[in-house]
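Structural description and commentary
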Amino acid sequence: MNGLSTLLIVVGLFLLGGVYSFRKQGMPRGVVTLLGIGSGMCLLAGVLRLEV
């Protein structure tokens, strides 16, 4: 399951880059918040899977 955790971390970092880009472009706060929550969940799930 190491590949799945790596994939989750990569997707989380990709979404985190989207948060930065969307904030810089001035997108609505709701979109940025949802994207931030999604990236945090992906990163957390990936890290927790690595620890198990």
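Summary of the structure given here. Each chain carries its own residue numbering, running from 1 in the direction its sequence is written. Where local features are concerned, this predicted model is filtered to residues with pLDDT of at least 70; where side-chain atom pairs are given and counted, the filter is 80 or more; whole-chain, interface and lining totals use all residues. Calculated side-chain values reflect all of the structure's heavy atoms, with hydrogen atoms and water omitted.

Quick word on the packing of helix 1 (residues 2-25) against helix 2 (residues 29-51)
For clarity, the cut-off: Axes, fitted as lines to C-alpha atoms, cover a helix only where it is in contact. Angles between the N-to-C directions of the axes lie from 0 to 180 degrees. Going along the chain from the N terminus, every DSSP run of H or I of four or more residues is numbered as a helix, and every run of E of two or more is numbered as a strand. Should an angle lie under 35 degrees it is considered roughly parallel, over 145 roughly antiparallel, and from 65 to 115 roughly perpendicular; all remaining angles are considered oblique. It is the rotation of the near helix from the far one that decides the hand of a crossing: anticlockwise by less than a right angle makes it left-handed, clockwise makes it right-handed. All amino acids are sorted into three groups, where Ala, Val, Leu, Ile, Met, Phe, Trp, Tyr, Cys and Pro are nonpolar, Asp, Glu, Lys and Arg are charged, and the leftover types, Gly among them, are polar.
The N-to-C vectors of helix 1 and helix 2 enclose an angle of 155°; their axes lie 8 Å apart at closest approach. As judged from the angle between their axes, helix 1 and helix 2 are roughly antiparallel. Handedness of the helix 1/helix 2 crossing: left-handed. Of the residues that constitute the contact of helix 1 with helix 2, the class distribution is 17 nonpolar, eight polar and two charged.

Focus on helix 1
Stated precisely, the cut-off is as follows: Take the number of residues in a helix, subtract one, and multiply by 1.5 Å to get its expected span. Remark: exposure states derive from per-residue accessible area (1.4 Å probe, protein chains only) relative to the maximum for the residue type, with buried under 20%, exposed over 50%, and partly exposed in between. Contact between two residues is taken to exist if any of their heavy atoms lie within 4.5 Å; hydrogens are not considered.
The end-to-end C-alpha distance of helix 1 is 35 Å, a good match for the 34 Å that 24 residues give at a rise of 1.5 Å each. Residues S5, I9, G12, G18 and V19 constitute the buried set of helix 1. Buried residues along helix 1 sit against helix 2. Residue G26 follows helix 1 closely and has a positive phi angle near 80°.

On their own, these measurements won't tell you what the molecule is for.
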